[in-house]
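Structural characterization, general
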Amino acid sequence: MTEYVPVLLFLLVAIGFAGGTIGLSSLIVPRRRNAVKNSSYECGVEPVGDALQRFTVKFYLVAVLFILFDIEAVFLYPWAVTFRRLGLYGLIEMALFIVILFVGYVYLLRKRALEWD
Amino acid sequence: MAAFWHDPNVRMVFWALVKILVILQAMLGVVSYMIYAERKIAGHMQARVGPNRVGPLGLFQPIADVAKLFFKEEFIPDGANKVIFHIAPMLAVIPALIVFSVVPFGPQDALRVTDLNVGLLLFLAMSSIGVYAIVLGGWSSNNKYALLGGLRSSAQMISYELPMGLSCIPVILLAGSLSLVEIVRMQEHWWFVATPFGLLAFAIFMITALAETNRAPFDLPEAEAELVAGFHTEYSSMKFGLFFLGEFANVISISCIAVTLFLGGWNGPWLPDAFKFVWFFLKLAALLFFFIWVRWTYPRLRYDQLMNLGWKVLLPLALANVLVTAIVVWWRAQG
């Protein structure tokens, strides 16, 4: 596991660097707050309503599809590493897996789940 | 004290820290001058001269810009979620930096921080975390443009992550390993980009890399003509600076990975082993120029075009490429 220690060190250095930069600059920057400056930017017009409004459900659909396909991609990594040892068996198994996946993909297309109009 | 120094663990941590700090400094230098190069190249592509006032040829421009950002007033909009508002720009930089811990710059142990047997997975994991910076930054700003930018970006980045992950698999099939050092070693005689499926995978990887780093023509999260500045509309001072740094650090780290996976890493003719790292940096510079070149050549895609390209072109193409590569690798193992 020792080869992971430098990654952890890098994480700590990166957090230190990012936090330090923000911290240091926030110590020296000027702050002259007033109500107009602090209102959220809407091209100079008074902000209308709350910013966190409802948005189109399409984004959720993309997120769900992403999880499905990403899990499939995760299964492909260990398969790809051990592919040479698995031989023909591994090839056929994964071809079946990808074909089943592709059927699901065609279903998505036919359901127009990927249309944006 | 002497006994402490001779402890192998202490030495390992010490040298790892030295390498990390060198990489961090080098990265900051490269980012500064990549921004300068981008402005200069963009200038010449548009028949201007680019920055030329600060120092000879404008070479001190990045220093002036950083100093300016550092002393700029910062303000937090009313109604913003303060904690997340501060964490988001940090998240933009940290994952991009951590990727460098597995990049092998040269054949020697001294030229890499560490060699993980799952190095490629670390890169993919970190590029996934990068999405959070933009989503959280957009959401916590309490600004409509920022929220729209964040939403667009989350959908765009996760959509392009799929073909990016799939375009790495042909390389794993050819190399039989997830360790980046091992992948480069396998390319000693023949770079993966010089095979038909490797070339296709490289093309898919570079297109998705443009989308993952939110660079034009995929810069919809910050499309200034429609979303003001997208997810970082409300960011100022060094918090904006970190988003900016994160974008360029991402470009550099993704280019490093592209060089490692497809362009043979440090492998190249003529140079002795001690200077092989020069090849790595030459290839890296070529890819960075490619990023700049594309940005100032192509117009931005429309949102439905962007999603169609990701889901209907790149994803099936990458999946088919995986199957074809697997069949070819199996066929070769038979003969």
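A quick note: this is a predicted structure, and the numbers were derived from the prediction, not measured. (Residues numbered from 1 in each chain as written. Chains lettered and ligands numbered in written order. Predicted model: local features only at pLDDT ≥ 70, side-chain atom pairs only at ≥ 80, totals over all residues. Heavy atoms only, no water.)

As a further point, take the overall build of chain A. Looking only at helices and strands, chain A has 4 helices and 0 strands in total. Of the regular secondary structure in chain A, the N- to C-terminal order runs α-α-α-α. Taken over C-alpha atoms, the radius of gyration comes to 25 Å for chain A, far larger than the 13 Å a tight globule of 117 residues would show. Once the C-alpha set of chain A is aligned to its principal axes, its extents read approximately 70 × 50 × 15 Å. By residue count, 33% of the 117 residues in chain A fall in the buried class. Only carbon and sulfur atoms are counted for the fraction: they give 69% of the accessible area of chain A, which is about 7,600 Å². Averaged over its 11 positive side-chain charges, chain A has a centre that lies 4 Å from the centre of its 9 negative ones. (Helix = DSSP H or I, 4+ residues; strand = E, 2+ residues; numbered from the N terminus. Rg over C-alpha atoms; globule rule 2.2 N^0.38 Å. Buried < 20%, exposed > 50% of the residue type's maximum accessible area, 1.4 Å probe, protein only. Areas by Shrake-Rupley, 256 points an atom, 1.4 Å probe, with all protein chains shown as cover. Lys, Arg positive; Asp, Glu negative; His and termini not counted. Charge placed at Lys NZ, Arg CZ, Asp CG, Glu CD.)

The next thing to look at is the interface of chain B and chain A. Between chain B and chain A, the contact holds 81 residues from the first and 69 residues from the second. Summing the contributions of chain B and of chain A, the shared interface buries around 6,700 Å²; its carbon and sulfur component is 77%. It is Glu73, Lys144 and Trp311 of chain B in chain B that bury the most area against chain A; as a group they hold 11% of the surface buried on that side. Joining chain B to chain A, the criterion identifies 1 salt bridge. Where glutamate 74 of chain B meets arginine 31 of chain A, a salt bridge forms, and the shortest distance between an N and an O atom there is 2.6 Å. Residue assignment for the side of chain B that touches chain A shows that the elements contributing at least two residues are helix 2 (8-45), helix 3 (61-71), helix 4 (82-98), helix 5 (119-140), helix 6 (144-175), helix 10 (237-261) and helix 12 (303-334) of chain B. When residues in the side of chain B that touches chain A are grouped by element, the largest group, 17 residues, is from helix 6 of chain B. Along the lines of polarity and charge, the residues of the side of chain B that touches chain A split into 57 nonpolar, 12 polar and 12 charged. (Contact = heavy atoms within 4.5 Å. Buried area = accessible area lost by both parts, 1.4 Å probe. Salt bridge = Lys/Arg side-chain N within 4 Å of Asp/Glu carboxyl O. Nonpolar A, V, L, I, M, F, W, Y, C, P; charged D, E, K, R; others polar.)

Glancing now at helix 5 of chain B. Think of an α-helix as turning once every 3.6 residues; residues three or four places apart then point the same way. The first and last C-alpha atoms of helix 5 of chain B sit 32 Å apart over 22 residues, in line with the 32 Å expected at 1.5 Å per residue. Looking one or two residues past helix 5 of chain B, asparagine 142 of chain B carries a phi angle of roughly 55°, positive in sign. (Expected span 1.5 Å × (residues − 1).)

All right, on to the confidence of the model for chain B then. On average, residues of chain B score 86 in pLDDT, and 98% of them reach the 70 mark or higher. Both scores are given for the predicted complex: the pTM is 0.90, the ipTM 0.87. (pLDDT = per-residue confidence, 0-100.)

To continue, consider the packing of helix 10 of chain B against helix 11 (residues 277-295) of chain B. Residues and elements named next belong to chain B. Two numbers describe how helix 10 lies on helix 11: the axes approach to 9 Å, and their chain directions differ by 125°. Classified by the angle their axes make, helix 10 and helix 11 are oblique. The two elements helix 10 and helix 11 cross, and the hand of that crossing is right-handed. Contacts from Glu247, Val251, Ile252, Ile254, Ser255, Cys256, Ala258, Val259 and Thr260 of helix 10 reach helix 11 at Phe280, Lys283, Leu284, Leu287, Leu288, Phe291 and Arg295. Residue composition of the contact of helix 10 with helix 11, grouped by class: 11 nonpolar, 2 polar and 3 charged. (Axes fitted to C-alpha atoms, helices over the stretch in contact; angles between N-to-C directions. Parallel < 35°, antiparallel > 145°, perpendicular 65-115°, else oblique. Left-handed = near helix turned anticlockwise from the far one by under 90°.)

We now examine the nonpolar core. Trp79 of chain A together with Leu120, Phe123, Ile169, Phe205, Leu261 and Trp311 of chain B are the most contacted members of the largest nonpolar core, which has 117 residues in total. For this core, the element with the most residues is helix 6 of chain B, which contributes 15 residues. Apart from residues lying up to four places away in sequence, leucine 261 of chain B is in contact with Leu120, Cys168, Val171, Leu180, Ile183, Gln187, Phe192 and Phe205 of chain B. Among the nonpolar cores identified, the runner-up in size contains 12 residues, and Ala80, Ala92, Ile134 and Phe231 of chain B belong to it. (Core = buried A, V, L, I, M, F, W, Y, C linked by side-chain atoms within 4.5 Å.)

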